[in-house]
Every structure is written in C-alpha cells, then in structure tokens.
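# Understanding the architecture of this molecule
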There are 2 protein chains.
Amino acid sequence: MNATHHHSGKHPAPKLSPNQSKILGCLREAGEPMSAYAILDHVRNDGIAHPPTVYRALNDLMKKGMVHRLESRSAFIACGDGACDGRFAFAICRACDKVVEIHLSKGDQTRLLGLAPAEIVPEQVTLEITGLCEACAPVQAAPV
Amino acid sequence: MNATHHHSGKHPAPKLSPNQSKILGCLREAGEPMSAYAILDHVRNDGIAHPPTVYRALNDLMKKGMVHRLESRSAFIACGDGACDGRFAFAICRACDKVVEIHLSKGDQTRLLGLAPAEIVPEQVTLEITGLCEACAPVQAAPV
DNA sequence: CATAAGCGTGATATAACATAACAGCCTCGG
DNA sequence: CCGAGGCTGTTATGTTATATCACGCTTATG
C-alpha cells in the first residue's frame, strides 16, 4: 500500500512521509470517515502510539488535499480523488454514515462564494449535506 | 400579539424554560459565537454550574431554531432572527471570529439541496464560509 | 391525602476530541 | 565538528460532549 508513486497527471506530487502513508492507507482501506482515535487504534500495529502523531499526519494530509475533515462529525476521510483543490462538499447519510464526496463545478464554487456578504471576503467553503441514503430510507422516519 | 394558535407567521411560540432563557440571553448579549464552556463560565452567576445543563439547553434551543452551532468551530450562536427554519449559512472571519448569518433564498436552498447525489436524499445543509472581514483584511496575509 | 407520572433540573463521572511543549534522531551544508 | 531543519516519539494537559442517576415540583387520579 505504498502510494509514493501514484500515477502522474492531475494531482501534484504527493511526497508523503512514512507516517502520512500509513495513515492515508488506513483511511483509504476504510473508505469511510474515521475519528482520529479510531485511526490511532488501527495503526498501533504500525508503531504509531500517540494522538499527536496521528493529528500531525492528518493535518499534513489535509494541507495536501488528500484527506478531508467532516466538521459535522469530527471525522476524517480520504479524498476520493487522490487529492483535490479544496473546493468540495459532502453528502452524509445520517443513519449509516455513508459519505459521498461532491465535486463542485466552477460555477457551483462561484455561486457558493458569492453567498458571502460584502463585508467578508470568502476564502474557504465548508458544505455538508445530511440526509438519508437509498438503503436507509425505507427503515427510517424523518426527524426534522 | 399572542398567536399561540398554530405556528402562524415566521416564528413558532418560544416557551422557554428558565435555563434556556438564561443561556439564550447570554448568547444574545455576546452577539458572537461562544463555546459551551464559555457560556458555562458566563452563567455561573445565574446558578448554572455543570456542562450537561448547558448542553441540554443548547440542544433544546437548537431544536427550536433559536441557536445554531458553528460546526467548523464547535461554537454556538444565537439566531440573528429570533428563530429560523434551519436553512441558513454563516460567513466567519478567520481573524476576528466575526460571524454574519446568511439567509438563503428559496432558490439558494434549492440549488444547495440539488448538489446532493441521487443516492442520498438531502434533509439538512451545513454551509460555513470562512474568509477575512473588512477590518481584518489590511493586517492579515492569506494562508491558503 | 397518597401516589404515581412527567418534566426540568442538579450533580458526578467519564468519554471523546485535540494540542502544547519538549526531547531524540536523522541528514545536510558549512 | 557543529548547527539548522525535518520528522518522529512522548508526556501531559486542555477542550468538547455525554451517560447516568438523583432530586424536587406540578398535575392527574382515586
């Protein structure tokens, strides 16, 4: 699971440290959001033993656009694309925690940033849409 | 103007418990986001002494639409409108923490919900736009 | 009155999430 | 040799949130 030379193309060169690779590998294997401490539990085998080590790697991976944080759940997930430019959104099933990454078009991004009031110059967007996925819809009642 | 009939007009009847009133008052006085523990510090005078008391009131107030949670900061803020229907967004200055509540038009709401993939039926939107306000722009460099 | 149900609250304890601060070990360039 | 910088390890602590049980008050009922 060494992602050190992935395919070249859209994405900037990764250049990951050993710890970053381990943690990214863990998140990619899971394919779903994990809390920092859940990650820690899964990489103890790999010699990572303390929270700061995990958070350091996660923060570095987020700067590279390879991991995103789901604010509404305090959880982290690998970017479905390898890496992206920071303009993205998520749809999350409230019942099973399934996450779908939404790729925002240029137009979407512009419209979103345009919602900011004149007094604040927008830089970054956090957009998370919660709902119910196909599988969970039949067995759940609407709470809102 | 006590229209306790149905929820006529924009705002449903408040009917707050004493603790809810104290905590909403605290947030309204502040006019800015506060962490649950910052709120706790400010209402100790009023006889509230433990975290669960604060969280209980905050959760009730959020259900009523009178308080919102800023996911990206783990903070709470009084609704600028008294109460609203849950379709709103925030613009936040990353330097001074100033928050502006953005009221989404019907069209904005529809577009946002439309971003959800087919496999997840959207129910709720969390949109937070971080940037730099007029006052802070001159003295801050862009980090991203 | 007695009693039970329901609700808001008080209080203890602990869980879950995150970072500050410092120390060790490399490698690189002088 | 020596210092700078990058990455990691480690200890300790700070911050955010909830589970659980107990208490007192009001109300409905017999």
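Description of the structure in this document. (Residues numbered from 1 in each chain as written. Chains lettered and ligands numbered in written order. Predicted model: local features only at pLDDT ≥ 70, side-chain atom pairs only at ≥ 80, totals over all residues. Heavy atoms only, no water.)

### Focus: the overall build of chain A
Stated formally: Secondary structure elements are taken from DSSP: a helix is a run of H or I of four residues or more, a strand is a run of E of two residues or more, and numbering for both begins at the N terminus. For the exposure calls, accessible area comes from a 1.4 Å probe over protein chains only, and a residue counts as buried if that area is under 20% of its type's maximum, exposed if over 50%, partly exposed in between. Contacts are assigned to residue pairs with any non-hydrogen atoms lying within 4.5 Å of each other.
Within chain A one finds 4 helices and 5 strands. Every one of the 144 residues in chain A was classed for burial, and the buried ones make up 45%. Restricting to contacts in chain A with at least 6 residues of sequence separation, those with at least 24 account for 48%.

### Considering the packing of aromatic side chains
All names here are of chain B. We apply this condition: Each Phe, Tyr or Trp ring, with Trp reduced to its six-membered ring, pairs with another whose centre is within 6.5 Å; inter-plane angles below 30 degrees give stacked pairs, above 60 give edge-to-face pairs, and intermediate values give tilted ones.
With the rule as written, the count across this model stands at 4 aromatic pairs over all chains. Aromatic pair Phe88 and Phe90: ring centres 5.5 Å apart, planes at 65 degrees, arrangement edge-to-face. Take Phe88 and Phe90: they sit in the same class, and that class is buried.

### Topic: the protein's contact with DNA strand C
Just so we agree on the cut-off: What makes a residue near a molecule or strand is one non-hydrogen atom of that residue sitting within 4 Å of it. Side-chain atoms alone can form a polar contact between residues adjacent in sequence; in general such a contact is a pair of N or O atoms within 3.5 Å, and within protein one must be able to donate a hydrogen while the other accepts it. When residue character is reported, Ala, Val, Leu, Ile, Met, Phe, Trp, Tyr, Cys and Pro are called nonpolar, Asp, Glu, Lys and Arg charged, and the others, Gly included, polar.
What surrounds DNA strand C is a group of 16 residues, the closest being Tyr37, Tyr55 and Arg69 of chain A together with Ser17 and Arg56 of chain B. Backbone atoms, meaning sugar and phosphate, make up 48% of the atoms of DNA strand C lying within 4 Å of the protein. Within the side chain of Tyr37 of chain A, a nitrogen or oxygen atom sits 2.8 Å from a base nitrogen of DNA strand C. Among the secondary structure elements, those contributing two or more residues to the surface near DNA strand C are helix 3 (51–63) of chain A together with helix 1 (18–30) and helix 3 (51–63) of chain B. Classifying every residue of the surface near DNA strand C gives 7 nonpolar, 7 polar and 2 charged.

### Focus: the sheet that holds strand 5 (residues 120–133) of chain A
Note the threshold: In this description, strands pair whenever DSSP reports at least two bridges between them. Think of each axis as a best-fit line through the C-alpha atoms, taken over the contacting stretch in the case of a helix, with angles from 0 to 180 degrees between the N-to-C directions.
Here we have 6 strands laid out as an open sheet, ordered 4(A)-3(A)-5(A)-5(B)-3(B)-4(B), and mixed in their pairing. Edge positions in the open sheet fall to strand 4 (99–103) of chain A together with strand 4 (99–103) of chain B, since each of these has one partner strand only. Strand-to-strand, the axes of this sheet are offset by a mean angle of 25 degrees, without reference to chain direction. Of the strand pairs in this sheet, strand 5 of chain A and strand 5 (residues 120–133) of chain B are connected by 13 bridges, and their pairing is antiparallel. What sits directly across from Ile129 of chain A, in strand 5 of chain B, is Val125 of chain B. Its contacts with the sheet place helix 4 (residues 106–114) of chain A against strand 5 of chain A together with strand 5 of chain B, and it is angled at close to 110 degrees to strand 5 of chain A.

### Brief notes about helix 1 of chain B
Residue and element names in this part refer to chain B. The condition that has to hold: By this rule the span expected of a helix is its residue count minus one, scaled by 1.5 Å. Each C-beta atom gives one direction from the helix axis, and the arc is the one those directions make.
The end-to-end C-alpha distance of helix 1, which contains 13 residues, comes to 19 Å, matching closely the 18 Å that a straight helix rising 1.5 Å per residue would cover. Of the residues making up helix 1, those classed as buried are Gln20, Ile23, Leu24, Cys26 and Leu27. Relative to the axis of helix 1, the buried residues are bounded by an arc of 155 degrees and lie together on one face. Opposite the packed face of helix 1, turned more than 90 degrees from it, sit the exposed residues Pro18 and Glu29. Considering only its buried residues, helix 1 is in contact with helix 2 (36–43), helix 3, strand 1 (67–70) and strand 2 (75–78). Gly31 sits one or two positions beyond helix 1 and adopts a positive phi of about 70 degrees.

### Considering the side chain of His68 of chain A
If you trace the backbone, His68 of chain A turns up in strand 1 (residues 67–70). Aside from chain neighbours lying at most four places away, what touches His68 of chain A is Met62, Ala75, Phe76, Ile77, Cys79, Cys84, Phe88, Phe90 and Glu101 of chain A.

### Some thoughts on the nonpolar core
The line we're drawing: Within this scheme, the nonpolar core is defined by two criteria: the residues are buried Ala, Val, Leu, Ile, Met, Phe, Trp, Tyr or Cys, and they are joined through side-chain atoms within 4.5 Å.
In this structure, Leu112, Leu127 and Ile129 of chain A together with Leu112, Leu127 and Ile129 of chain B are the most contacted members of the largest nonpolar core, which totals 32 residues. Secondary structure elements with two or more residues in this core: strand 3 (88–93), strand 4 and strand 5 of chain A together with strand 3 (88–93), strand 4 and strand 5 of chain B. Within the second largest apolar cluster, 20 residues are counted, among which are Ile23, Leu40, Ile48 and Leu61 of chain A.

### Side note on unusual backbone geometry
Although it is not a glycine, Ser74 of chain A sits at a positive phi angle of roughly 50 degrees. You can see Ser74 of chain A is positioned in the loop between strand 1 and strand 2 (75–78). Residue Asp97 of chain B is not a glycine yet carries a positive backbone phi of 70 degrees. For Asp97 of chain B, the position within the fold is in the loop between strand 3 and strand 4. Since its relative accessible area comes to 35%, Asp97 of chain B is described here as partly exposed.

### Notes on the environment of Ala91 of chain B
As for its position among the elements, Ala91 of chain B is in strand 3. Judged by relative accessible area, Ala91 of chain B falls into the buried class, the value being 0%. For Ala91 of chain B and Thr130 of chain B, which are 39 residues apart along the polypeptide, the C-alpha to C-alpha distance reads 5.7 Å. Once you skip the residues sitting within four places of it in the chain, Ala91 of chain B turns out to touch Pro117 and Ile120 of chain A together with Lys98, Val99, Val100, Ile102 and Ile129 of chain B.

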